[in-house]
Amino acid sequence: MLRTTASRVLDDNDRDEVLALLDTDPVGNVFVASRVRSVGLNPARLGGQMWGFGPRGGLTSICYAGANLVPVNAGTDAVHAFADRARKQGRRCSSIVGPADAVELLWERLEPHWGTARAIRWAQPVMVIAEPSPVPADPLVRRVRPDEFDILLPACVAMFTEEVGVSPEAGDGGVLYRSRVAELIRIGRSYARIEGGRVVFKAEIGAVTPHACQIQGVWVHPDLRGRGHAVAGMAAVVKHALDYFAPVVSLYVNDYNAPARAAYRRAGFVEVGTFMSVLF
């Protein structure tokens, strides 16, 4: 078999091979797989490039290079090849995220060229559940309606700012972020408990494939934390996710966020791996 030490830009001719590779780890690869299944590999539709390592018919690793840089099934040689390409084109992403070993090695290669990161989340446990939660679901958690966008948006902005450390409204004034929030509402993947015009709990199902889906944006109003809303709310979202989207529900969380990890465990999630994120 022809061997290569360089990466290449993939296209829709590689789609079946890419999906076969992604499906070897449907939980860890759910974000990238959902993008490929939705729009293919054409960069204009994908919102970035997909890099491959290995010849056609012998693809061993890929790396999504869009708003995020996400290595998939990347061993040492593949990481070096992806780092070389990323270094040559310059930083275009807002984060590097994925399996901790690969991301750490990738960042080790890129940091001398890209400079200091704004923040590094060295260990982010990946958690899954494949059956209904053992705790009662909050009956007031439901899909958010399009007419509730203005109620939900401030909660989404607060969650993002608290989690990432910068406002999603910086830069473009929040145009892209608002569009994403509206899209998740429109397609029925935004859930919340709303009382008196205030969001008590919210979460979104950000990525979906036939094999797995990923919950993101979990948030409880600061005045109402510690009352069990996260546990019961997650139980409700898990029930909807299993009923309507995929047989396995996943998420990842910062290792230092002890309350969140405890809530997810109480809701029935178990840890199956570790991600790492480098934020710019």
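In the block above lies the structure referred to throughout.
Now for a description of the structure that goes with this document. Values in this document were obtained by computation on a predicted structure and should not be read as measured data. (Residues numbered from 1 in each chain as written. Predicted model: local features only at pLDDT ≥ 70, side-chain atom pairs only at ≥ 80, totals over all residues. Heavy atoms only, no water.)

What follows covers the state of the cysteines. Taken as a whole, this structure holds zero disulfides when the rule is applied. Cys93 provides the cysteine sulfur closest to Cys63, a residue in no disulfide bond, and the two sulfurs are 8.8 Å apart. A residue is classified by how much of its surface remains accessible, and Cys63, at 0% relative accessible area, is buried. Looking at the unpaired Cys156, the closest cysteine sulfur is the one in Cys213, lying at 18 Å. (Disulfide = S-S within 2.5 Å. Buried < 20%, exposed > 50% of the residue type's maximum accessible area, 1.4 Å probe, protein only.)

In this section: the packing of helix α1 (residues 15-22) against helix α2 (residues 30-39). How two helices pack is summed up by the angle between their axes together with the distance between the axes. Two elements in contact, α1 and α2, have axes separated by 10 Å at closest approach and are oriented at 155 degrees. When the axis of α1 is compared with that of α2, the two are roughly antiparallel. Crossing of α1 over α2 shows left-handed handedness. Residues Arg15, Val18, Leu19 and Leu22 of α1 form the contact with α2, whose own contacting residues are Val32, Ala33, Val36 and Arg37. Partitioning the contact of α1 with α2 into residue classes produces six nonpolar, no polar and two charged. (Axes fitted to C-alpha atoms, helices over the stretch in contact; angles between N-to-C directions. Helix = DSSP H or I, 4+ residues; strand = E, 2+ residues; numbered from the N terminus. Parallel < 35°, antiparallel > 145°, perpendicular 65-115°, else oblique. Left-handed = near helix turned anticlockwise from the far one by under 90°. Contact = heavy atoms within 4.5 Å. Nonpolar A, V, L, I, M, F, W, Y, C, P; charged D, E, K, R; others polar.)

So, about unusual backbone geometry. Positive phi is not limited to glycine here, since Asn73 has a value of about 55 degrees. Mapping Asn73 onto the fold places it in the loop between β4 (68-72) and α4 (76-89). We classify Asn73 as partly exposed; its relative accessible area is 47%.

This brings us to the sheet that holds strand β10 (residues 213-220). Read from one edge of the open sheet, 12 strands run β1-β2-β3-β4-β5-β12-β6-β11-β10-β9-β8-β7, paired in mixed fashion. Both outer strands of the open sheet, β1 (7-9) and β7 (142-143), are each paired with one neighbouring strand and no more. Alignment of strand β2 (residues 49-53) against strand β3 (residues 61-65), held across five bridges, turns out to be antiparallel. Looking at β3, one finds that Gly52 is bridged to Ile62. Where α4 meets the sheet, its contacts fall on β1, β2, β3 and β4, and the angle it forms with β2 comes to roughly 140 degrees. (Pairing = 2+ DSSP bridges.)

Here the focus is the packing of aromatic side chains. To describe a pair of aromatic rings, you give the distance between the ring centres and the angle between the ring planes. With the rule as written, the count across this model stands at seven aromatic pairs. Put simply, the rings of Trp107, Trp114 and Phe280 touch in pairs and so form one group of aromatic residues. Across from the ring centre of Tyr244, 4.8 Å away, lies the NZ or CZ of Arg143, which sits over that ring. (Phe/Tyr/Trp six-rings, centres within 6.5 Å; stacked < 30°, edge-to-face > 60°. Lys NZ or Arg CZ within 6 Å of the ring centre and 35° of its normal.)

In this section: the pattern of salt bridges. Under the defined criterion, the tally for this structure stands at 19 salt bridges. Across the pair Glu162 and Arg225 runs a salt bridge whose closest N-O atoms are separated by 3.1 Å. Highlighted residues: Glu162 in helix α6 (residues 149-164) and Arg225 in the loop between β10 and α8 (229-244), separated in sequence by 63 residues. Salt bridges linked by common partners bring Arg8, Asp11, Asp14 and Arg56 together as one network. (Salt bridge = Lys/Arg side-chain N within 4 Å of Asp/Glu carboxyl O.)

The next point concerns helix α7 (residues 175-186). The terminal C-alpha atoms of α7 lie 16 Å apart, and with 12 residues this matches the ideal 16 Å at 1.5 Å per residue to within 8%. By the burial criterion, the buried members of α7 are Tyr177, Val181, Leu184 and Ile185. Taken down its axis, α7 places every buried residue within 105 degrees of arc, on the same side. The exposed set on the far side of α7, more than 90 degrees from its buried face, consists of Val175, Leu176 and Arg186. Those residues of α7 hidden inside the fold are in contact with α6, β8 (190-195), β9 (198-208) and β10. Positive backbone phi, at 75 degrees, marks Gly188, one or two positions downstream of α7. (Expected span 1.5 Å × (residues − 1). Arc of directions from axis to C-beta.)

Quick look at the side chain of Ser34 now. Residue placement: Ser34 occurs in helix α2. Every residue in contact with Ser34, bar those within four places of it in the chain, is listed here: Ala207, Val208 and Thr209.

Among the secondary structure elements, Glu204 is positioned in strand β9. Looking at Glu204, the relative accessible area reads 5%, which means it is buried. Within the structure, Glu204 has its side chain in polar contact with the side chain of Lys202 (distance 2.9 Å). Ignoring anything within four residues of it in the chain, the contact list for Glu204 reads Cys156, Leu184, Arg189, Ser190, Gln214, Ile215, Gln216 and Gly217. (Polar contact = N/O pair within 3.5 Å; in protein donor to acceptor, adjacent residues only side chain to side chain.)

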